[in-house]
Amino acid sequence: MLRYLALPTLILAAACSSAPAETLAVPTLEPLWVAEGFQGAEGAAMAPDGSYYISNVFGDARAKDGNAYIAKLSTGGVIVERYWSAKLDAPKGMAILDGTLYVNDIDRVVMVDAETGSRKGQIPIEGASFLNDATVWNGQVYVSDSGTARIHVLDGETATVWMEDDVLKGVNGLLGDAGRMLVSTMTAGDLLSVDADRNVTVIATGMVDGDGIGLVPGGGYLVSSWPGQIHYVGEGGTVTTLLDTTGDETPITQNDLTIFGDVVIVPNLRNDTVTAWKVVR
């Protein structure tokens, strides 16, 4: 069932020249390890035991073929269970709430027991065409649909359109952070802050094909651009590109970047790898 929440008028406040000067040092990324042997690694989530779940699209990102799966990866970069949860279509972003792993799978959210990997059901998202990222915010799961410029909120077995607006064109990454949700977009390359009333502030822009978002310890943000870049965004909105492989002979795609403590986990979909970095200031 699809429901809509009434939308107030959105307030779009762009970052401007009066923003405070940057006072934090730009961090660096220290390589930890690269794990190999995946099949279209796209999303990452932390398992209850501290290891990582990695979604594998395994083929066409829109194909309902039942060939895809979620692998379990150790903190040292070793695949400990390749088919931890299987027979998915094209899983991407994931989030865990109350012992359930919510997995975006094209036009449905599949619910999986976060301990065992067994199926617990699914929530069809009416009208969805490319469900992408997921986050937990204010005790609920939110999912982005890159194909319709919508963010949905899940309530039990029901999906509601929480926000739909032109500013969300190419919406991708979501990250709940206290009183706001951080959102990345692919079309404009924006990093947005959206409050509970759906008022929007542009933190930074120009990061075209924006994907994953992470909070840097001590302040600032990391944002990946999936064709091969990782950016640092300071609190004042200044963007510094820390990694750019787009000009390489074989670019390394930077997909659902996620920060766990000071460890940055980035699935590399087209390279069938997952890269771990330590963020250092």
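None of these values were measured; they are calculated from a predicted model.

Engineer: Hey, could you run me through the nonpolar core in this one?
Structural biologist: One broad trend across soluble globular proteins is that nonpolar side chains are buried collectively. The biggest cluster of nonpolar side chains holds 17 residues, and the ones touching the most others in it are Tyr-142, Ile-151, Trp-162, Leu-168, Met-181, Val-183 and Leu-192. Among the elements of the structure, strand 14 (150–155), strand 15 (158–164), strand 16 (171–177), strand 17 (180–185), strand 18 (191–195) and strand 19 (200–204) are those that each provide at least two residues to this core. Ignoring anything within four residues of it in the chain, the contact list for Leu-168 reads Ala-149, Ile-151, Met-163, Val-183, Thr-185 and Leu-192.

Engineer: Honestly, the pairing of strand 25 (residues 263–268) in this entry has me stumped. Any pointers?
Structural biologist: The buried count for strand 25 comes to 6 of 6 residues, which makes it a mostly enclosed element. Because side chains alternate across strand 25, one face comprises the buried residues Val-263, Ile-265 and Pro-267, and the other comprises Val-264, Val-266 and Asn-268, equally buried. One ladder, built from 3 bridges, connects strand 24 (residues 258–260) with strand 25; its direction is antiparallel. Paired with Phe-260 across the bridge in strand 25 is Val-263. The hairpin formed by strand 24 and strand 25 contains 2 residues between the paired strands, and Gly-261 there has a positive phi angle of roughly 70°. As judged from the 6 bridges shared by strand 25 and strand 26 (residues 273–280), these two strands associate in the antiparallel manner. Of the residues in strand 26, the one forming a bridge with Ile-265 is Ala-276.

Engineer: Can you help me understand the sheet that holds strand 22 (residues 229–233) in this one?
Structural biologist: Either a parallel or an antiparallel arrangement is found when strands of a sheet pair, and the pairing is made through backbone hydrogen bonds. With respect to topology, 4 strands assemble into an open sheet ordered 20-21-22-23, the strand pairing being antiparallel. With one partner strand each, in any of the chains shown, strand 20 (210–215) and strand 23 (239–244) form the two edges of the open sheet. Mean inter-strand twist for the sheet, computed between neighbouring axes without regard to direction, equals 25°. For strand 21 (residues 221–225) and strand 22, the ladder comprises 5 bridges, and the chain directions are antiparallel. Note on strand 22: the bridge partner recorded for Leu-222 is Tyr-232.

Parameters at a glance
- Residues numbered from 1 in each chain as written.
- Predicted model: local features only at pLDDT ≥ 70, side-chain atom pairs only at ≥ 80, totals over all residues.
- Heavy atoms only, no water.
- Core = buried A, V, L, I, M, F, W, Y, C linked by side-chain atoms within 4.5 Å.
- Buried < 20%, exposed > 50% of the residue type's maximum accessible area, 1.4 Å probe, protein only.
- Helix = DSSP H or I, 4+ residues; strand = E, 2+ residues; numbered from the N terminus.
- Contact = heavy atoms within 4.5 Å.
- Pairing = 2+ DSSP bridges.
- Axes fitted to C-alpha atoms, helices over the stretch in contact; angles between N-to-C directions.

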